[in-house]
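# Analysis of the macromolecular model
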Amino acid sequence: MAGFPYFPQTDEDIRLMLNRIGVSSLDDLYADVPADYIYKGEYDLQDAMTEQEVRSFFEDLASRNPRLTVFAGSGAYDHYTPSVIPYITQRSEFLTAYTPYQCEISQGTLRYIFEYQSMICTLTGMDVSNASMYDGPTAAAEAMRMAVVSGRKKGTVLLSKTLLPHVRRVVETYSRYYGIKTAYIETLSGQTSADGLKELLCSGDVAGVLVPSVNRYGIIENLTGFADMIHEAKAMFVLYCDPSTLSVLRTPSEWGADVAVGDGQSLGIPLCYGGPYVGFMSCRKEYMRKLPGRIVGQTKDAAGRRSFVLTLQAREQHIRREKATSNICSNESLMALWVTVYMSLMGPEGMKRLNDICFERSHYLYNELLKTGKFREVFPGAPFLKEFVMEPLTSVSGLQKRLYDAGFFGALETEDGYVSFCVTEKRTKEEIDRLVATING
Amino acid sequence: MKYYDKLIFELSRKGRTGFSLPASSSDSIGTETLPAVLRRSSAPALPEVSELDVVRHYTNLSQMNFGVDTGFYPLGSCTMKYNPKINEEIASMPAFQGLHPLQAEWTTPGAKAVYEGMDRALAAITGMKHFTFRPCAGAHGELTGLMIIREYHISRGDLKRTRIIVPDSAHGTNPASAAVCGLEIVEVKSNADGLVDVNDLKPLLDDTIAGIMMTNPNTLGLFEKDIRRIAELVHEAGGLLYYDGANMNPLIGMVRPGDMGFDVMHLNLHKSFSTPHGGGGPGSGPVGVCARLVPFLDLCVSGFHGNFGVILRAYAYILMLGKQNVGMCGKLATLGANYIKESLKDLYKLPVSSICKHEFVFDGLVNDGSGEGKEGATTLDVAKRLLDYGYHAPTIYFPLLFHQSIMIEPTETESKETLDGFIEVMRTIAGEAAANPDILHGAPHNTPIGRPDETLAARNPILKYQDGCDC
């Protein structure tokens, strides 16, 4: 069509094609639609823009978002993205492919998913990973459903009160309609209470338990004894993790968890206002056939060449329909590639050093903030890695406004009225000092 | 495409690095100071590779992949249209990528304008009132839409409506989403014309029915002509109508689901609105509702605000379309599908011969070459042979209404020459099948690998790399 770059048909093409079909106009192709359903008005859209106008339009919108230096986490972390990653993920052979149904011409996608699964397994210590989920919270919700489906007639799941609020909310939404009862495990000194857990497990109706590895206060939870208690009650132990921290922290497998879930965003995916991110889910072998979503497996072709295919598909919606383990179809494949390239670049050494830098700088900020006299410690001595909370002694909104005016986003208010700060390796000592100076006024 | 056999783990050499981070100072405190019980016992087995190793490895992997930018991708129900490059640039603007999802709305006016603009545009195109953008894919949108339907009934105290009608031609995600939403599935049959059988529907409608999920045009690419009657019947029975937007492309600029009586719908921005599929996501499945369901729209089904990066791309596409071009999108998609159908129906069985919309379904070859102890060529064989000729295969063995389904969807971004090339190859393959189906049985011959042993993969699952194993 003349003047529009995405429609290649010339008037002559259209005429010839209509001839072959045996109709005289494009409108005749809609003769099967009742006439009053054909929209006769003008669509309430703006005038078509040129590419240059579209670019200016978005440059203008983008300029209305002030660029802030991020000192907040709570489920979305401002880690550095190596330039190699977008370069690779923008390769159109990856970008413009569909789900790898035709494996003979999709070995690129299938291989990186296999590598992704392998990396998630080594980070979590689990046996099996799927090919990705939408995000961390939906992965958690699906894990809770998996627990109930596997948990023969038991209908309750336990959620720790120390889980991030957005995780709890999504699990609540899924549970409400699937018909899962939720109960909350109390908090003790900023951590999931073992006694609280024990008490709730006594009901005998618990199919699954969801606890964070690093919680909403930034505290690294000590889960000693949890697995035994949960397994004694014949429930599934699901751990919600920040995968970036798993390169140094005790793994879900070492804690005795059955399933590990979380958001891969911390593996170098830009904040991007909340998405696209990538949820991950991995589990012990015995739950392999209960996993939702795609799984890639290794096999051979007739010539003996190592080949990769979508496998164990009898779990999935296109085969099992309503009996599938989940309704998930499209997942976050390209973002799985994103974090796979990230982990390849970082390696075990880079992941370790990254966490050391986060650890050192966040502890530096913690101590500097205490010195301002404007905060009180909430959980003295509790171990944290890159994120922590403090009790503000001044108005939170005033504090936030002052930070915003100085170009910072931080002091996120928690449900308990504390403020949280997060320091990634992207935050320099100079930025930290400037943040503290701003707070000092 | 050439076969490349490495996995990134096999390039690993101890001590090699691909990262660039500040060195730790000698007096620094690190994670070793954490209590031992909180630390992992050994480092993860991630590869140790250089930056060039990474770049070359993934570049080699990409060359074993086929995308829309590689060639024609007539995958039915997937709407593999061209993904404009400007959209990628917009989604990667730092001022969008740097936004934290928990920032207060008053600090993100640019993002707010994107959501508001998209809401208005999608409402205009679909005839719905408002959209939520939190669902991250089509099936996620279905689930969200069904939750809204359930919430509507619950809010009225109408608690026994826990069953949902799904046509036998529906995408597999429909019944699966309904099950995840805690609904019982009631199947309605298709009639000989491939449409929902109104007579089969009537007796199913009682006061336990929450609603019906419809795909219109359906998965045979046929417009559900009786939609007015169906909408009346379902509404009279107290149910709601859900529109599966997977097949919205032919209706863009022509017909609005809201006008047909649908109460809830989702769109696949990665189908109808040109965002790239990324090898299986990220997608975006915004859900739109009619006015009376707006109070139930704000469901927390994902972590933050949905896949903002995908929404940005779709918005850019809609701005390019504008009111001047939107009217041609569906028409040209429909033109291409009918053109292919009419050009091949002498060689491939066409179970329903009426005008199709954006896609249509063949039921295998007219002459599959079988006879005298020879096995005929199947739909799988045709699909694999297409790969040899440089085309992606159509969707196969779906819908389940036929045994040899081949579902073809060309989209409006493909030229007549491209369609002619595809038609010619499909005719060649039909000729090969008639003369010697063995050529097809052995296909593909020119791809990086031949048909892999899927039974072996399922029987002996190797799902991760293990050093030293027979990988």
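Residues numbered from 1 in each chain as written. Chains lettered and ligands numbered in written order. Predicted model: local features only at pLDDT ≥ 70, side-chain atom pairs only at ≥ 80, totals over all residues. Heavy atoms only, no water.

## Re the pairing of strand E9 (residues 259–263) of chain A
All names here are of chain A.
- With five of its five residues buried, E9 lies for the most part within the structure.
- Of the two faces of E9, the one carrying Val259, Val261 and Asp263 and the one carrying Ala260 and Gly262 are both buried.
- In this structure, strand E8 (residues 236–241) lies alongside E9, joined through four bridges in parallel fashion. In the sheet register, Leu239 faces E9, and the bridge partner there is Ala260.
- Looking at chain direction, E9 and strand E10 (residues 279–283) are connected through five bridges and run antiparallel. (Buried < 20%, exposed > 50% of the residue type's maximum accessible area, 1.4 Å probe, protein only. Helix = DSSP H or I, 4+ residues; strand = E, 2+ residues; numbered from the N terminus. Pairing = 2+ DSSP bridges.)

## Some remarks on the state of the cysteines
- All chains considered together, the criterion is met by zero disulfides over all chains.
- Of all cysteine sulfurs, the one in Cys78 of chain B lies closest to Cys103 of chain A, which takes part in no disulfide; the gap is 16 Å.
- Taking the relative accessible area as the measure of exposure, Cys103 of chain A reaches 3% and is therefore buried. (Disulfide = S-S within 2.5 Å.)

## Here we look at the environment of Leu159 of chain B
Residue and element names in this part refer to chain B.
- Tracing the backbone shows Leu159 in the loop between helix H5 (138–155) and strand E2 (163–167).
- We classify Leu159 as exposed; its relative accessible area is 60%.
- Put simply, Leu159 and Lys357 are 198 residues apart on the chain and 38 Å apart in space, counted from C-alpha to C-alpha.

## Topic: the sheet that holds strand E13 (residues 375–377) of chain A
Residues and elements named next belong to chain A.
- If you trace the four strands from one edge of the open sheet to the other, you get E13-E14-E17-E16, paired in antiparallel fashion. Edge strands, defined here as strands with exactly one partner in the open sheet, are E13 and strand E16 (412–413).
- Relative to strand E17 (residues 419–422), E16 runs antiparallel, the two being bridged by two bridges. For Leu412, the partnering residue across the bridge sits in E17 and is Ser420.
- Its contacts with the sheet place helix H11 (residues 333–371) against E13, strand E14 (387–392) and E17, and it is angled at close to 10° to E14. (Contact = heavy atoms within 4.5 Å. Axes fitted to C-alpha atoms, helices over the stretch in contact; angles between N-to-C directions.)

## Quick word on the interface of chain B and chain A
- Across the boundary between the two partners, chain B contributes 207 residues, which contact 183 residues of chain A.
- It is Arg40, Met320 and Leu463 of chain B in chain B that bury the most area against chain A; as a group they hold 5% of the surface buried on that side.
- Counting across the chain B and chain A interface gives 12 salt bridges.
- Residues Lys357 of chain B and Asp32 of chain A are paired through a salt bridge, measuring 2.8 Å at the closest nitrogen-oxygen approach.
- Our enumeration of links across chain B and chain A arrives at 92 residue pairs in polar contact (both at pLDDT 80 or more). (Buried area = accessible area lost by both parts, 1.4 Å probe. Salt bridge = Lys/Arg side-chain N within 4 Å of Asp/Glu carboxyl O. Polar contact = N/O pair within 3.5 Å; in protein donor to acceptor, adjacent residues only side chain to side chain.)

Spatial relationships are all this shows, so hold off on functional conclusions.
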